[in-house]
Amino acid sequence: CSIKYIDIYKIICEMPSSTNSSSDLSTRLRIQDKYSPVFTYSIEHTPIVSSISPNSISSAITTLIEIKFLNNISTVKNNTVIRIDESVCTVVNYTISWIVCKLSRNLTSLPVANVNAYIYIPDKGYAATLNNYLDIPTVDYGFEIYSISPSYGSIYGGTNLSIFGFGFASNESSLNVVSLSDSVGSDSYTILVKALGLQSSLTRHIESCDILFASFHVIICTINYIRTPLQYSDNSLLLGLTIIGASPYISTDRVVSFTQSLNYTPVVYSVSNQNLSNGVTSFDLIGYNLFDNTTDVYVIIGEQSCLIDFLMSDVSRLVVQCFDLISGEYKPTVLISGLGYAEVNSDVIISVDLDIQSINFSNTIGSVGGGVRFFVDGYGFDYVCDNINMSLVLESNSLQISRKIQVTNYFECSFHQVVAYTPSITELSTLTNFAVVVESVEIIVHGKSAKISSLKLFQYSSAVSPIISSYHNQKSVYNNITQFHVHVPSINSTQFESTWFGRYQGNCNQTSMSIGLVSTNISISCFTPTIAAGLYTVYVEISPYGYAVLKSGIGHLYLPTYQSMLSVDKFTANEYSSIAGGKHLKITGEGLSSSLTVRVCDINCPIVESSYNEVICEVPEYRTTKYVDYIDGLGIAIDMIETVDASLSSTSIGYGSYSYNVKYAFDQLYTAYYSHYTYGCFVGIKMTGNNRIRPYRMRFYPAYQTASSISDITFEGSQNGGITYIALASADLANEGWNFLSTNSTDWFTHLRYKAYDSSYCRIAELKFLGVVASSNDNCNVNIHSSDTVIHVGNLTYSENNIQTAKILSVNPLNGTSLGGTTVTLTGLFNSLHHTSIFPNVTINGINCSVISYSISYITCITGYRGPDNIQTRKLSVHIPNYGFAVSGDDVFYIYMDKWSELTTWKNQNLPVDGDFVWIPDGQSIVLDVDTPLLEFLLIQGELYFDNTKPTINLDAYYVFVYGGLLQIGTEDQPYNNNVTITIHGDRYKNIDIPEIGYKCIAVASLGLPKESQSSGFHLPGKDQGQLEIHGQKRLRTWTKLATTAYAGSLTIQTSEPVDFKSGDILVLSGTEVKSNDDFSIDIVTVAENLDNHNILLTEQLKYTHRSEIVVVSGRTVDLRGEVGLLSRNIVIQGDEQSQGQLFGVHMVARMSGIFRVENAEIRRCGQGFLLGRYCTHSHKAGNMEGSYVKANSIHNSFQRAVTTHDTFYWEVRDNVAYDVLGHTFFIEDGTEKYNTISGNLGIRTKLSSASLSSDQKPAVFWTSGPTNFWYDNVGSNSDSFGFWFELSAHPNNFLVDGDFDVCPIHEKLGEFRNNTVRGNAMIGLRIYPEYTPLQDPCDSNSDPSPQYFYDLISFRNGLGFFSKRHGDLHHIGYTLIENTGNGISIVKYQNVNYNSDPAISNAIIVGSLDDNFDVSTNFGYVAVWLPQNEYFFINDISIINYGTSGAFSGCNDCDSGEMFVQGGITTRFLNMTFSKTSRRILWTPHYKEIFWDLDGSLLDINGG
């Protein structure tokens, strides 16, 4: 009896099956020597399964399984367990006699097997079969391919494949996807990369196979036609069949492949015996592999199938007959069933000639106006008359030469006959007695031509042409009476047939007819048709002569015309519309149609309905300055900022005669620039017409290497047409690359311009103005445009008031189920509803929301169902009949919320399973309310929220990419307080590196990849921004200091500040001694109990002592207490278990200004060694990241860095704890990075790494290649090398970024460096190497020095305290350096500095030892300050304590080394020196030539100096 649970009171075990299938069996349980009461195996109590349906189950498809029982089971759903082999089948419905369970699909390739169906019924046990009560029921289960046929075929495709197997989708054949590929593997990578607009790094030959038939066991598909094969040799393709991502099992002893082979490719290399007879085209196709009497053969010419003479055909010849082929030249398509498409040589062409047999006219003589029907019989005509080009060739003595007249009016066309009407030749009939015969007819069809003599069977004659003697109402509107009086010079069978106005038949009647001796007079009356305004040719058909004509005063004949008049009713009053448009504007009149154009404010008003008497158009949106001001006043947030399009500016503003090249500042080419030859520079734009702009930002890009010549920059605007300008924003200097000036102005301007003083003659490569564009005119003309006229209908006013423009202010609730049925209330200003009795129309994300009530302040509606096939981008729309659309802020919306766990969330009603590629599209919002399976890829372009009601949620995936979407775990205001674990899986050697984002990653990017970054000042609409929001439970603090020394062996620690450490939390205690072992005396401990928010009980004893010291030296209080960092968080982001072995953890990255806000998370097993750009957290070429941050996290067990900032501006790295990191920990990568804040961080144990840059072999806790950032309140401890390292580059590693051709970090300004602490680092506390020499113009080596200031560094128990190699005009103020095991301060070269009285080092305290009993005779072997080479070095207010005989100062640093060799004799100035227990002031070193200038005697204790 298998034990399931045991304690001292109880044992639970699962009984084995009985040994007797025919009767009850009694038994006892024995526990050692004790026996239980009797237990009886009872057939009566055994659930007996009578049937399982279906009994054959595909593992690839989620299946509902019905289990019927012979006896009643009285089951309880929650305790019933059903397993099909190892897969759980979830109970969804049941009665006492049957159960229905849902078996989820499995992406694992499972061979077909007869497996047990374990059906556990509570209090009864496992169900048995009807046939044998000892047997467990079984089902056939799996997804397998047995074989395919044929195995060879044509390289051109077309082969019909029969696939035999088990588990195919039969009821929904669209779920089956069949392809053939020359390599093994999923197509997910190719699909993803293509969807993102990126280029795949892999090339695969994939052919699709279109499914013709599908059942559970058989699929028949046809390989698509391949126009150009990839290769002309055998190409073996592996069969790829998937059902919703699942691939079938294929036994290793089965060959399931298909070879495209030349040997199995039918070939047609020539054609012979072509013949055309009576519409039958016959020919022979010569080749090989063409016919074997067992296969179907298809020859297709054009779109027609031909007949094969099988008796006459053989493997090398096909005898073909085609019927009713339209004339032309064709390359035949040959398909041999079982092999596929044939290769047809390019010179194999079937030529089908046009054959005209006869021509007949309905009358032998007719009107010069045309209209006599004639018939052309033959073969090869097209059924589409537009494809027939037919001409009549005329012959007449009066014409002198033959003329060809195009036929334009056809009655009908077929393969055998074309019926048409003779065309008008009135332009030729200038003679009174004009006659011309039709000599022949020419026809061209698809390049084939034919001609037949008409035998002069038809004659055009003015003598028989019906003449319209009078024509009334040639210009009219609908339903007026038009009258024709026609004189026909004949009395034979003459009658009126019809009248056509263009292609519209008139309502006409013959009102009278009088027949004379030689002529007939006919009167015709017509009601003018309801046709759109325009000029139409009128065809009055008089049988048998054709169309009647008019005669001009000079005898010319011509067809009459009719002018349908356009009549438009003027508006009786001014119309009004919502600013958002949408009003249905009705225009009435006569002659109206959809062919007209309605324009409002010269903007197209799309016609939505039209008739002869009415057009209705939907008024377009139109932004006015009044509207923008009004919306701002209401506090409605709408992002209307845009870069002003060139079409909105007329002649741009330039300087005098040089304005012609202003275009170069707006051409988006950095190499072309605007310039003029004065130092006073201005260039800008002028708005057109009534357009105005409310400015937001000006961006400018100086021509290459001219930024240093620009000063006094002003962003200006004019409100009076450019007469006067006012300043909107200003700057003193410009940088290379993009610069920008922003303004908060709410005024409107006609002109904007850039103004500056520029000694390079105003060389501006690019200039952009951003702002809100609107019109100052809110009263617009409404005009109707026809082909030849414009009619002013009236005026329409766009009004922002509450009657005309409704405003949506809020939505409640903010979200609801996609199943619909949620009652939603929109509050706002709907005053227009007071003036209409028609219900408003509400749509949410394109889905109708049925309105049930409304007032002027609210609308209540019930949401409709939004299925997974109808996901649209988020949009809230309210349409008020007769008024238009309401406006709403960008922050007012309703979310259709889908639960991950619901079938209705997913296409095909299938929940994701292990290995799935999941895409959340834009417009879909999903709540993750269950653990995910292990996903192959999670692509988020919509929204994914973590359910905050669940105690734990786990997400497992190989890739997570938030691309223009949102992944949210809590918010800043409402952090996520339950537990989340995100595990990112991946194998360094097996998984695929996705371009731009990598692998084993969580990536966020705004739309626009693969662009590298957003340049400075770029404005990105919020809807396009990717957003990663991870906000864990807030903790009182992420790290603190010890209140008292914690001794080795202790089980408690005491913190200096209140903490909320809780049981199970992991803590790190920094080493407080000089490095003495490989782990720097660091302790990792677990909290057992928080006793009082200060005293913490641990689960294990401390291995090392951690000092808590606050010392007072020279009147300064110095905090040397050891740090305690909190490593645990409720949100864990981690690499999988194999990460450590491969140094290959999770990589989190932001691209393209994707919002990256991660706080209070634990990030572990992260970073990817040996791969540049793959770090724990990483802002990669992201551009402006203002508002993004990495804050209050713990980052530990990293295989490469903790936080990397790369080509990024304005982001924040704050209050993080980083522990056990390979390589530089807080890393600023290139030197282009500026204005980023790195503050309050604790870095413990930075390890050397050979898996990244060479400098990582001497790693720093804080490393930077660019100085213009802000570091304060950080602690860097226990590094293998350095605490801080300023390793500034001469130029960034990738210095062509957004056109920044020349960036010079070694000469740039310092952002801020204040109150940082470095302790216990093996080599140096603060290292500036190889150079930091700031200049006024960073990229001009002749520029003056630019003084920069470092404040309040505490450096203790490191190797060296502070080291700098090439040291420019840098000033170190308030430093405290204690018990470092090398020189306190060591500066090698002092350069790029002018003489001044601003000390390089001031207000510093340097302590050799804190020993109260320090022996003044002690010699450490190093000095407090090793002074630099070169002149002008000045130190002031320095206290040197407990250096004994070591030496306070030594001069001419490294002067005797080969690289740095100088002769000495360098002057250093001293002021306000104090010493304590430091007997040697100067350590005399080579070259023994120095000048020490004691300005006040404090160096040598001589009053007055």
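Going by the structure above, here's the rest.
Figured I'd write up the structure that's included with this text. Every value quoted in this text rests on a predicted model; they were computed, and no experiment measured them.

Some points on the overall build of the protein chain
- Assigned secondary structure in the protein chain consists of three helices and 136 strands.
- The C-alpha radius of gyration computed for the protein chain amounts to 45 Å, which surpasses the reference 35 Å derived for 1505 residues by more than 25%, pointing to a less compact arrangement than a globule.
- Taking the contacts inside the protein chain whose residues are at least 6 apart along the sequence as the reference set, 69% of them involve residues at least 24 apart.
- Accessible surface computed for the protein chain: about 62,400 Å², of which carbon and sulfur atoms make up 48%.
- Positive and negative charge centroids in the protein chain, built from 91 and 141 side chains respectively, lie 3 Å apart.

As for helix α2 (residues 625-634)
- Those residues of α2 lying buried are T625, Y627, V628 and I631. For α2, the angular spread of buried residues about the axis comes to 165°, placing them on one side.
- Residues of α2 that are buried in the fold lie against β67 (691-702), β72 (764-775) and β83 (887-888).
- Backbone geometry just downstream of α2 places G635 in the positive-phi region, at approximately 80°.

Looking at the sheet that holds strand β73 (residues 779-785)
- One open sheet holds the five strands; their spatial order is β59-β74-β73-β61-β62, and the pairing between them is mixed. Of all strands in the sheet, those bounded by a partner on one side alone are β59 (575-578) and β62 (603-604).
- In this structure, β59 lies alongside strand β74 (residues 790-799), joined through four bridges in parallel fashion. By the bridge assignment for β74, Y576 is matched with T797.

Looking at a nonpolar patch on the surface
- Residues I3, I6, I11 and I31 make up a contiguous nonpolar surface patch of about 370 Å² in total accessible area.
- Mapped onto the secondary structure, I31 falls in strand β4 (residues 30-31).

Some remarks on the side chain of S1128
- On the secondary structure map, S1128 appears in the loop between β103 (1123-1126) and β104 (1131-1135).
- At 2.7 Å, the side chain of S1128 forms a polar contact with the backbone nitrogen of I1066.
- If near-sequence neighbours (up to four positions away) are discounted, S1128 is found in contact with R1035, G1064, D1065, I1066 and E1162.

Concerning the state of the cysteines
- Under the defined criterion, the tally for this structure stands at 13 disulfides.
- The disulfide that involves C89 links it to C101, with 2.0 Å between the sulfurs. Note on the C89 and C101 pair: the S-S dihedral is about 90°, so by sign convention the disulfide is right-handed. Here C89, found in strand β11 (residues 87-94), pairs with C101, found in strand β12 (residues 98-103); they are twelve residues apart in sequence, far enough to count as distant.

Thoughts on the sheet that holds strand β36 (residues 355-361)
- The strand order across the open sheet built from four strands is β36-β38-β42-β41, with neighbouring strands paired in antiparallel fashion. Looking at the sheet topology across the chains shown, the edges are occupied by β36 and β41 (410-413). Mean inter-strand twist for the sheet, computed between neighbouring axes without regard to direction, equals 15°.
- The pairing of β41 with strand β42 (residues 417-421) spans three bridges and is classified as antiparallel. Among the inter-strand pairings, E412 is bridged to a residue of β42, identified as V419.

A short note on unusual backbone geometry
- Note that the residue after Y1329, namely P1330, is joined by a cis bond; omega there is 5°.
- Positionally, P1330 belongs in strand β123 (residues 1324-1332).
- We note that S1081 has phi near 60°; this positive angle belongs to a residue other than glycine.
- Looking at the element boundaries, S1081 is found in the loop between β98 (1066-1069) and β99 (1083-1090).
- Classification of S1081 by relative accessible area gives buried; the value is 8%.
- Positive phi, close to 55°, is recorded for D1501, a residue that is not glycine.

A word on the packing of aromatic side chains
- Enumeration according to the criterion identifies 50 aromatic pairs in this entry.
- A connected cluster of aromatic rings, assembled from ring pairs, spans F1226, F1262, W1271, F1284, F1286, F1313 and F1350.
- Lying over the aromatic face of Y1351, R1314 brings its terminal NZ or CZ to 4.2 Å of the ring centre.

Section: the nonpolar core
- Counting residues in each nonpolar core, the largest one holds 92 residues, and the members touching the most others are L938, L944, F946, M1148, F1156, F1286 and F1449.
- Ranked by residue count, the leading element in this core is strand β132 (residues 1433-1444), at five residues.
- If sequence neighbours within four positions are ignored, L944 has contacts with W900, I920, I926, L928, L938, L955, L966, L967 and Q968.
- Counting 62 residues, the second largest nonpolar core, distinct from the first, contains C322, V368, F434 and V445.

As for the environment of A580
- Checked against the element boundaries, A580 lands in the loop between β59 and β60 (584-590).
- The spatial distance from the C-alpha of A580 to the C-alpha of P37 is 83 Å, given a sequence separation of 543 residues.
- Residues contacting A580, with those up to four places away along its chain left out, are E621, F885, A886 and V887.

With respect to the pattern of salt bridges
- Tallied over the entire structure, the rule returns 45 salt bridges.
- For K448, the salt bridge is made with E329, and the minimal N-O distance between the two is 3.5 Å. Linking K448 in strand β44 (residues 448-453) with E329 in strand β31 (residues 328-330), this pair joins segments that are 119 residues apart in sequence.
- For K448, a relative accessible area of 13% gives the class buried.
- Notably, a salt bridge pairs R1035 with D1065, separated by 2.7 Å at the nearest N-O pair. With R1035 in the loop between β95 (1027-1031) and β96 (1039-1041) and D1065 in the loop between β97 (1052-1054) and β98, this residue pair connects regions lying 30 residues apart in the sequence.

Each value, and the rule that gives it
- Residues numbered from 1 in each chain as written.
- Predicted model: local features only at pLDDT ≥ 70, side-chain atom pairs only at ≥ 80, totals over all residues.
- Heavy atoms only, no water.
- Helix = DSSP H or I, 4+ residues; strand = E, 2+ residues; numbered from the N terminus.
- Rg over C-alpha atoms; globule rule 2.2 N^0.38 Å.
- Contact = heavy atoms within 4.5 Å.
- Areas by Shrake-Rupley, 256 points an atom, 1.4 Å probe, with all protein chains shown as cover.
- Lys, Arg positive; Asp, Glu negative; His and termini not counted.
- Charge placed at Lys NZ, Arg CZ, Asp CG, Glu CD.
- Buried < 20%, exposed > 50% of the residue type's maximum accessible area, 1.4 Å probe, protein only.
- Arc of directions from axis to C-beta.
- Pairing = 2+ DSSP bridges.
- Patch = residues over 30% accessible without salt bridge, like charges linked within 9 Å, V, L, I, M, F, W, Y side chains within 5 Å.
- Salt bridge = Lys/Arg side-chain N within 4 Å of Asp/Glu carboxyl O.
- Polar contact = N/O pair within 3.5 Å; in protein donor to acceptor, adjacent residues only side chain to side chain.
- Disulfide = S-S within 2.5 Å.
- Axes fitted to C-alpha atoms, helices over the stretch in contact; angles between N-to-C directions.
- Phe/Tyr/Trp six-rings, centres within 6.5 Å; stacked < 30°, edge-to-face > 60°.
- Lys NZ or Arg CZ within 6 Å of the ring centre and 35° of its normal.
- Core = buried A, V, L, I, M, F, W, Y, C linked by side-chain atoms within 4.5 Å.

Function cannot be read off these values alone, since they describe shape.
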